[in-house]
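Residue-level structure breakdown
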Amino acid sequence: MAAHLSSGRVNLTALREAGRRELREFLDKCAGSKAIVWDEYLTGPFGLIAQYSLLKEHEVEKMFTLKAGRLPPADVKNIIFFVRPRLELMDIIAENVLSEDRVRSPLRDFHILFVPRRSLLCEQRLKDQGVLGSFIHREQYSMDLIPFDGDLLSMESESAFKECYLENDQTSLYHAAKGLMTLQALYGTIPQIFGKGDCARHVANMMIRMKREFPGGQNSIFPVFDTLLLLDRNVDLLSPLATQLTYEGLIDEIYGIQNTYVKLPPEKFAPKKQGEGGKDLPTEPKKLQLNSAEELYAEIRDKNFNAVGSVLSKKAKIISAAFEERHHAKTVGEIKQFVSQLPHMQAARSSLANHTSIAELIKDITTSEDFFDNLTVEQEFMSGIDTDKVNNYTEDCIAQKHPLIKILRLVCLQSVCNSGLKQKVLDHYKREILQTYGYEHILTLNNLEKAGLLKLQTSSRNNYPTIRKTMRLWMDDVNEQNPNDISYVYSGYAPLSVRLAQLLARPGWRSIEEVLKMLPGPHFEERQQLPTGLQKKRQQGENRVTLVFFLGGVTYAEIAALRFLSQMEDGGTEYVIATTKLINGTNWIKSLMEKLEPPPF
C-alpha cells in the first residue's frame, strides 16, 4: 500500500507509521463502538495516513461530515469530533452536542481531537456554549508533516502564507519547527541548516530553542539528512505565478490536485462499447490517485508536457507487443508465465488509457489560442520585455472580463519581474480591475500589495534583470524533450527557489552574495553538533541528502525541478521536499482574496 513512500533515499514510511500509532492510541482510549465526525478539510490529509480499514479495526463504525443541526442517527457508544481549532467549528459542535442530549438518553460519550493543536480559545467557546463538560477526552493530534510521496512532505496548512505575510501570525511556523523536530527524532539530527528569509530565520531559531529545551538531550540516531534548506516563499514570488508546464503541474493548474487525488471530467473515461452511440455517459467526475506507486505516472509526471506524448505512444507499442506474446506461447510453461504477467500488463494498459485521456484533456487547453497568448505574455515578462508599461493583452482580458484570478496573476507577475510597477501603471491596472470586477475587490488588491506581489516601484532601479542574469533564470535554448537544465519545467524560466538550492550545493552561496542581498530577508547558516560517533563519513560516490523546506507553499513544477537535480549524474545531491502547502498560482492568489459582499443596491 505505502510502497511508494519507501522507494526514495529516505524511507518516509516511518513517519507515516508514527502518525498511525498516535491515532491508534487515541482511538483505544475511547472504549467501545465509535462514530467519527469529520471537519471536512481534514478527511483528505488523514486519508494519506490511515485508511478506513485501520479505523474499522479500532471499532469505528460510522463517519459523518461536521455540519450544523442534529447528528445523523448512529448506534454507537462514542462520538469523536476530529476538527481544526477554529471558532466557527466550535459553534457547530456545540449545536450537535446540545441537540443530541435533548433527544437521547445520556449514555453517549463525546470526545474531541484538535488537529494539529488544542486551543484555549476554542475550549472557552465550548464552555460559553455550555458543552465543554460533555467531552471526556479533549486531546490534540499533531499532524505536522504528512508524507505525500517518497520524496515529498506537506503540512497542508491552507492559510500559512496569508498568516505569515499578512496577519503576522507565526503559528504555522511553530508547526513547521515542531514537524522538523519530529523528523529529527525519527531520522537523526540534521548537521547543517541554511536559510533565506524572515520566516526561515524564525523556524531555525525555534528549532534551536526546542532542541535546547528538550530533555534527554542528544539524539543517537545516525543522521539521514546532511543539510536542511529553509526557504521563504516571498524570496521567490515569481515561480507560483507563472504557468507550470510539466505534466503534473498542468494537471494541477487545470483541474487541481487535492491530497494526491484529482477529479476529471467523466466523458473522456467512459468505456467505449460498439453500437451504443454514447448513451449513458457517466456524470460523476472521474477520481484518480496520482503518486509514484503508479509506474507510468512516476515516469511522466515531471516531464515537460511537450515530451509526454512520445512516451505514451512508446508505452502503447510496448504494451500491445506484450499482449501479442500470447499467440506465441506454445508450451504450458510459456502459457503459465504469460498468465502470471497478466495482472501487471492489465494494470499497465488501464494506466496508459487513463493518462492518454488526461493528456488529451490537457492538450485541448494548451493548444487553444488563449493559452498560447497568455503564456507568450508571461514569458515576455520573465525574459524582461516590456515589463514597465501597461500590457495590451492584460487590458484586453480585463475588457473581456476574463476570470479575475487570471488577471491578478498576470499583473502580479509583471510587478515581480519589474521590482514593482510605476505609479501610473499600477493606478491604471487598479482602476480597470475595480471598475470591471467591482469595488469589493479593493481589499484583495490591498492584500496583494501587503504580500509584496503587487507593489509600487520605490527606487528607480529594477533589480530583477541583475537577479535574472546572475542566477541564469531565463534560458533561451531550452530542451523540453531531453532537458539539461531545470528551466524546462517552465519552458525557459528556471525557478529562482530551485536555483538557490542548486547553487547552495555547488559552488555554495558565497558566489552569489550580491544577489542574496537583493532578495528579501536575511540568509544564514547554522550547525547542529552531532554526538561523537555519529559524524558521517561519506562513501565514494555517495550522494548528500538535502531537505528543502518551502515556508508558504511550493508548486509541482519546482518539485519537478528538484527531482531533476536529484537525478543528474554528477549532481552529488538528492533532494527531499517539505512544504506548508502544495500550491499553484490560482489557489495561492485565491487564499489572499477577501470575500467582501457587494452592497445590495
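No experiment lies behind these values; they were computed from the predicted model shown. (Residues numbered from 1 in each chain as written. Predicted model: local features only at pLDDT ≥ 70, side-chain atom pairs only at ≥ 80, totals over all residues. Heavy atoms only, no water.)

**So, the layout of surface pockets**
Of the voids in this model, the largest pocket is the one considered here, and its volume is about 760 Å³. Every residue lining the largest pocket is counted, 33 residues in all, and those nearest its centre are K178, G179, M181, T182 and A185. Breaking the lining of the largest pocket down by element, the ones donating at least two residues are helix 1 (13-29), strand 6 (146-149), helix 7 (171-187) and helix 8 (198-213). Sorting elements by how many residues they give to the lining of the largest pocket places helix 1 first, with 7 residues. A class-by-class count of the residues in the lining of the largest pocket yields 12 nonpolar, 12 polar and 9 charged. Built from parts of two domains, the lining of the largest pocket gets at least three residues from each of domain 1 (3-143) and domain 2 (144-238 + 495-531 + 541-600). (1 Å grid on protein atoms, 1.4 Å probe; cavity = no way out; pocket = protein on both sides within 12 Å on 5 of 7 lines; lining within 4 Å. Points joined across faces, edges and corners; volume = space filled by probe spheres on them. Helix = DSSP H or I, 4+ residues; strand = E, 2+ residues; numbered from the N terminus. Nonpolar A, V, L, I, M, F, W, Y, C, P; charged D, E, K, R; others polar. Domains from an automatic or database assignment.)

**With respect to the packing of helix 1 against helix 7**
Two elements in contact, helix 1 and helix 7, have axes whose closest approach is 10 Å; the angle formed by their N-to-C orientations is 115 degrees. Taken together, the axes of helix 1 and helix 7 are roughly perpendicular relative to one another. Helix-helix and strand crossings are classified by hand; for helix 1 and helix 7 the assignment is right-handed. Contacts between helix 1 and helix 7 involve T13, A14, L15 and A18 from the former and T182, L183, L186 and Y187 from the latter. A per-class count over the contact of helix 1 with helix 7 returns 6 nonpolar, 2 polar and no charged. (Axes fitted to C-alpha atoms, helices over the stretch in contact; angles between N-to-C directions. Parallel < 35°, antiparallel > 145°, perpendicular 65-115°, else oblique. Left-handed = near helix turned anticlockwise from the far one by under 90°. Contact = heavy atoms within 4.5 Å.)

**Some remarks on the sheet that holds strand 6**
The strands that make up a sheet pair up through hydrogen bonds in the backbone, lying either parallel or antiparallel. Read across the sheet, 7 strands follow the order 6-7-15-14-9-8-13 without closing on themselves; strand pairing throughout is mixed. Edge positions in the sheet fall to strand 6 and strand 13 (523-527), since each of these pairs with one other strand and no more. Neighbour to neighbour, the strand axes of the sheet diverge by 20 degrees on average, direction disregarded. Bridge analysis of strand 14 (residues 544-551) against strand 15 (residues 573-579) gives 7 bridges, and the strand direction is parallel. (Pairing = 2+ DSSP bridges.)

**A closer look at the domain arrangement of the chain**
When the domains of the chain are assigned, the result is domain 1 (3-143), domain 2 (144-238 + 495-531 + 541-600), domain 3 (247-367) and domain 4 (370-461). Between the C-alpha centres of domain 1 and domain 4 the distance comes to 43 Å.

**Considering empty space enclosed by the protein**
By the definition in use, this model includes 1 cavity of 30 Å³ or more. The space that makes up the largest cavity amounts to roughly 50 Å³. A class-by-class count of the residues in the lining of the largest cavity yields 6 nonpolar, 1 polar and 3 charged. Looking at which domains feed residues into the lining of the largest cavity, each of domain 2 (144-238 + 495-531 + 541-600) and domain 3 (247-367) supplies at least three.

**Observations concerning the state of the cysteines**
The tally for this structure, following the rule as stated, stands at 0 disulfides. Left unpaired, C30 is separated from the closest cysteine sulfur, that of C122, by 19 Å. C199 takes part in no disulfide bond, and the closest cysteine sulfur, belonging to C164, lies 4.3 Å away. Note on C199: relative accessible area 6%, which makes it buried. (Disulfide = S-S within 2.5 Å. Buried < 20%, exposed > 50% of the residue type's maximum accessible area, 1.4 Å probe, protein only.)

**What to know about the packing of aromatic side chains**
Within the structure shown, the criterion is met by 15 aromatic pairs. Here the aromatic residues W38, F46, F82 and Y141 are joined through ring pairs into a cluster of three or more. Residue placement shows R201 over the ring face of F524; its charged tip is 4.1 Å from the ring centre. (Phe/Tyr/Trp six-rings, centres within 6.5 Å; stacked < 30°, edge-to-face > 60°. Lys NZ or Arg CZ within 6 Å of the ring centre and 35° of its normal.)

**A short note on a nonpolar patch on the surface**
A contiguous nonpolar patch, built from I442, L443 and L596 and spanning about 240 Å² of accessible area, is present on the exposed surface. Position of L596 among the secondary structure elements: in the segment after helix 23 (585-591). Using a relative accessible area of 40% as the deciding quantity, one classes L596 as partly exposed. (Patch = residues over 30% accessible without salt bridge, like charges linked within 9 Å, V, L, I, M, F, W, Y side chains within 5 Å. Areas by Shrake-Rupley, 256 points an atom, 1.4 Å probe, with all protein chains shown as cover. Salt bridge = Lys/Arg side-chain N within 4 Å of Asp/Glu carboxyl O.)

**Considerations on unusual backbone geometry**
V115 connects to P116 through a cis peptide bond whose omega is 5 degrees. By secondary structure assignment, the location of P116 is in the loop between strand 4 (109-114) and helix 5 (120-128). Note the cis peptide between R506 and P507, where omega equals 10 degrees. With respect to the helices and strands, the residue P507 is situated in the loop between helix 20 (496-505) and helix 21 (513-518).

**Some words on helix 12 (residues 308-324)**
The first and last C-alpha atoms of helix 12 sit 25 Å apart over 17 residues, in line with the 24 Å expected at 1.5 Å per residue. Every buried residue of helix 12 is listed here: V308, V311, L312, I319 and F323. All buried residues of helix 12 fall inside an arc of 105 degrees around its axis, so they share one side. In helix 12, the exposed residues that point more than 90 degrees away from the buried face are K314, K317 and I318. (Expected span 1.5 Å × (residues − 1). Arc of directions from axis to C-beta.)

**Some remarks on the environment of K127**
Positionally, K127 belongs in helix 5. By relative accessible area, K127 is classed as exposed at 52%. Residues K127 and L290, spaced 163 residues apart in sequence, show a C-alpha to C-alpha distance of 43 Å.

**Some details on the sheet that holds strand 11 (residues 261-264)**
Pairing within the open sheet is antiparallel, and its 3 strands lie in the order 10-11-12. With one partner strand each, in any of the chains shown, strand 10 (257-258) and strand 12 (286-289) form the two edges of the open sheet.

**Considering a negative patch on the surface**
Together, E25, D28, E59, E61 and D75 line one region of the surface with negative charge. By the element assignment, E61 lies in strand 2 (residues 60-65). Since its relative accessible area comes to 44%, E61 is described here as partly exposed. (Lys, Arg positive; Asp, Glu negative; His and termini not counted. Charge placed at Lys NZ, Arg CZ, Asp CG, Glu CD.)

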